[in-house]
Amino acid sequence: MDIADATLLMVGAIFALLVTGLPLAFITGLVALIFTFGWFGGNALPLVTSRVFGFVTEYSLVAVPMFVLMASLLDRSGIAKDLFNAMRVFAGRLPGGVAVQTIVVAFFLAALSGIIGGEIVLLGILALPQMLRLGYDKYLSIGVVCAGGALGTMMPPSIVLIIYGLIASVSIADLFTAAITPAVILMGSYIAYVLVRCLRNPSMGPPMTDADRDEGFSNRWQALKAIMVPGLIAFMVLGSIYGGVASVTEAAAMGVFGVLLAILLRGEFSLKTLHGSLGQTMTTCGMIIWIGIGAAALVGVYNLMGGNRFISQLILGMEVEPIVILLVMMAILLVLGMFLDWIGVAMLALPIFVPIVVELGYSPIWFGILFAVNMQVSFLSPPFGPAAFYLKSVAPAGISLKDIFVSLLPFIAIQLCVLFALLFFPDLAMWLV
């Protein structure tokens, strides 16, 4: 069997096992073991385990549980709720103001944690019922919550960018710097879409009454203080990274300390809160680590078989412009993202794609931003877009998965437009770097 037939057999085996419902981590690990013993014999097993060991002992990986813990603590505190209510004071009179406020709050939350699922659940509990109560268009409200929550894939400290940096062996701080402008462009594009729709048809997002707008705060100074707390935490994390004071891992620990301190000062700390946050952190990180272990083993054995050289020669041998090769890569990532978790896509595709991107003369930092936007698209895309299922778990009765996926289509189109803009105008991402 040559490497081409082995590649087809490996891909077919992965998708066949996915149909059985087995977790991706077990599927990739099982396929890796089968091909290790079938292609090389048992003597090659230590080579695969050494690759796994290299992944799990990577120091920068420590930042992941820190940021997950930070997000878990925020989910269980009133910081995010106060932030949402405070933004309502400043955006209430604007047509579509609550939707705009939801996007801005999502941007703030993304800058605090970089965890996507928790943001959508939180916004689904806080923002969606309120928009529906105020008479907002159902589809616009759903799309805003999911698209806003998905900003966590882009806005530092994004877990997606941390994992990309580990796989591509590039500076995570540079990735964070490059991601800021695209994240702001995405947020601005969502806000512009909402404002255009609501200004043309005010019934889609009617302005709030003064009573609704000021609910929970006696004056604007109280509202401003509610915004300052998460702002200071975000500044502590990102400012320490960009200022060269701390590494990404150290900044993550500082962020956890900042959130814990804020919860203590607000009188919301309890052992139950800490226990629940630690449990959620262990569950999330366990999923990431196990998928990483399985994918690292699979990519390791595939590279030993000569798969990376085969794919590289196949792609670079195409008689086309380099930009066309990048478009093919983006299409492959989009398709994979429709069926696999972003962790699986990153672990399986990036070890093969990144060396090709470098050989073509492109910046791996820039490609990382393209990858993050691509994964944001996959987060919303049917049939398995995780955002839809996260929101469905907390959505009011009467909202179906079909309603959610239909609501996401305009926002997917916006994401694709931003992806193409970054593809053809790299300086949008790279000017700060």
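This text goes with the structure placed above it.
The sections below set out a description of the structure shown in this document. (Residues numbered from 1 in each chain as written. Predicted model: local features only at pLDDT ≥ 70, side-chain atom pairs only at ≥ 80, totals over all residues. Heavy atoms only, no water.)

Of the regular secondary structure elements, the protein chain holds 21 helices and zero strands. A compact globule built from 433 residues should have a C-alpha radius of gyration of about 22 Å, and the protein chain, at 22 Å, falls within 12% of that. A principal-axis box enclosing the C-alpha atoms of the protein chain has dimensions of 70 × 45 × 45 Å. Long-range pairs, those at least 24 residues apart, make up 79% of the contacts in the protein chain with a sequence separation of at least 6. Counting every atom, the protein chain has about 17700 Å² of accessible surface; 70% of that belongs to carbon and sulfur. With 17 positive and 20 negative side-chain charges, the protein chain shows a separation of 14 Å between the mean positions of the two kinds. (Helix = DSSP H or I, 4+ residues; strand = E, 2+ residues; numbered from the N terminus. Rg over C-alpha atoms; globule rule 2.2 N^0.38 Å. Contact = heavy atoms within 4.5 Å. Areas by Shrake-Rupley, 256 points an atom, 1.4 Å probe, with all protein chains shown as cover. Lys, Arg positive; Asp, Glu negative; His and termini not counted. Charge placed at Lys NZ, Arg CZ, Asp CG, Glu CD.)

Another point: the pattern of salt bridges. Tallied over the entire structure, the rule returns two salt bridges. Residue Asp403 is joined to Lys138 by a salt bridge in which the shortest nitrogen-to-oxygen separation is 3.4 Å. With Asp403 in helix α20 (residues 401–424) and Lys138 in helix α8 (residues 138–149), this residue pair connects regions lying 265 residues apart in the sequence. Here Asp403 falls in the buried class, since its relative accessible area comes to 11%. Ionic pairing is found between Arg266 and Glu268, a salt bridge with its closest N-O pair at 3.0 Å. (Salt bridge = Lys/Arg side-chain N within 4 Å of Asp/Glu carboxyl O. Buried < 20%, exposed > 50% of the residue type's maximum accessible area, 1.4 Å probe, protein only.)

So, about the side chain of Thr181. If you trace the backbone, Thr181 turns up in helix α10 (residues 172–200). Residue Thr181 is classed as buried on the basis of its relative accessible area, which comes to 16%. A distance of 2.9 Å separates polar atoms of two side chains, one belonging to Thr181 and the other to Trp431. Setting aside residues no more than four positions away along its own chain, Thr181 makes contact with Leu428, Trp431 and Leu432. (Polar contact = N/O pair within 3.5 Å; in protein donor to acceptor, adjacent residues only side chain to side chain.)

Moving on, we come to the layout of surface pockets. Its volume calculated, the second largest pocket comes out at about 580 Å³. In terms of lining, the second largest pocket is formed by 21 residues, of which the most central are Val11, Ile332, Leu336, Leu348 and Ile352. At the level of elements, α1 (3–19), α14 (271–304), α15 (307–316), α16 (322–339) and α17 (342–359) are the ones that each hand at least two residues to the lining of the second largest pocket. Looking at the lining of the second largest pocket, the element that brings in the most residues is α1, giving five residues. Residues belonging to the lining of the second largest pocket are distributed by class as follows: 20 nonpolar, one polar and no charged. (1 Å grid on protein atoms, 1.4 Å probe; cavity = no way out; pocket = protein on both sides within 12 Å on 5 of 7 lines; lining within 4 Å. Points joined across faces, edges and corners; volume = space filled by probe spheres on them. Nonpolar A, V, L, I, M, F, W, Y, C, P; charged D, E, K, R; others polar.)

One non-glycine residue, Ser169, lies in the positive phi region at around 55 degrees. Among the structural elements, Ser169 can be located in the loop between α9 (159–168) and α10. Overall, Ser169 belongs to the exposed group, its relative accessible area being 64%.

Attention shifts here to α16. Compared with the 26 Å implied by 1.5 Å per residue over 18 residues, the 27 Å span of α16 between its first and last C-alpha is a close match. Looking only at α16, the buried set comprises Ile325, Leu326, Met329, Met330, Leu333, Leu336 and Gly337. In a view along the axis of α16, the buried residues occupy a sector of 140 degrees, so they form one face of it. Tucked inside the fold, the buried residues of α16 contact α1, α15, α17, α18 (364–380) and α20. (Expected span 1.5 Å × (residues − 1). Arc of directions from axis to C-beta.)

Right, let's get into α17. Taking 1.5 Å per residue, 18 residues should reach 26 Å; α17 reaches 24 Å between its end C-alpha atoms and fits that length. At Leu350, α17 is deflected by roughly 50 degrees, the largest bend along its length, and proline Pro351 occurs up to four residues later in sequence. Following α17 by one or two positions, Gly361 adopts a phi angle in the positive range, close to 95 degrees. (Bend = angle between axes of the 7 residues up to and from the residue.)

Another point: the nonpolar core. Residues Ile163, Phe367 and Leu380 are the most contacted members of the largest nonpolar core, which totals 155 residues. Residues contacting Leu380, with those up to four places away along its chain left out, are Cys146, Ala147, Ala150, Gly385, Ala387, Phe405, Leu408, Phe411, Ile412 and Gln415. (Core = buried A, V, L, I, M, F, W, Y, C linked by side-chain atoms within 4.5 Å.)

Moving on to the environment of Asn308. Relative to the assigned elements, Asn308 resides in helix α15. Judged by relative accessible area, which is 29%, Asn308 ranks as partly exposed. Sequence separation of Asn308 and Glu268 is 40 residues, and the distance between their C-alpha atoms is 51 Å.

You can see Pro207 is positioned in the loop between α10 and α11 (210–213). With a relative accessible area of 42%, Pro207 lands in the partly exposed category. Between the C-alpha atom of Pro207 and that of Gly361, which follows or precedes it by 154 residues, the distance is 50 Å.

Another point: the packing of α9 against α18. Where α9 contacts α18, the two axes come as close as 10 Å, and the packing angle between them is 140 degrees. The angle between α9 and α18 places the two elements in the oblique class. Viewed along their axes, α9 and α18 form a crossing whose handedness is right-handed. Along the contact surface, α9 presents Val160, Leu161 and Tyr164, while α18 presents Pro364, Phe367, Gly368, Ile369, Phe371 and Ala372. (Axes fitted to C-alpha atoms, helices over the stretch in contact; angles between N-to-C directions. Parallel < 35°, antiparallel > 145°, perpendicular 65-115°, else oblique. Left-handed = near helix turned anticlockwise from the far one by under 90°.)

Once that is clear, we can look at the state of the cysteines. Inspection of every chain in the model, using the stated rule, returns zero disulfides. The thiol of Cys198 is not disulfide-bonded; the next cysteine sulfur, from Cys146, is found 17 Å away. When its relative accessible area of 0% is taken as the criterion, Cys198 is described as buried. Looking at Cys417, it has no disulfide partner, and the nearest cysteine sulfur is the one in Cys146, 19 Å off. For Cys417, a relative accessible area of 53% corresponds to the exposed category. (Disulfide = S-S within 2.5 Å.)

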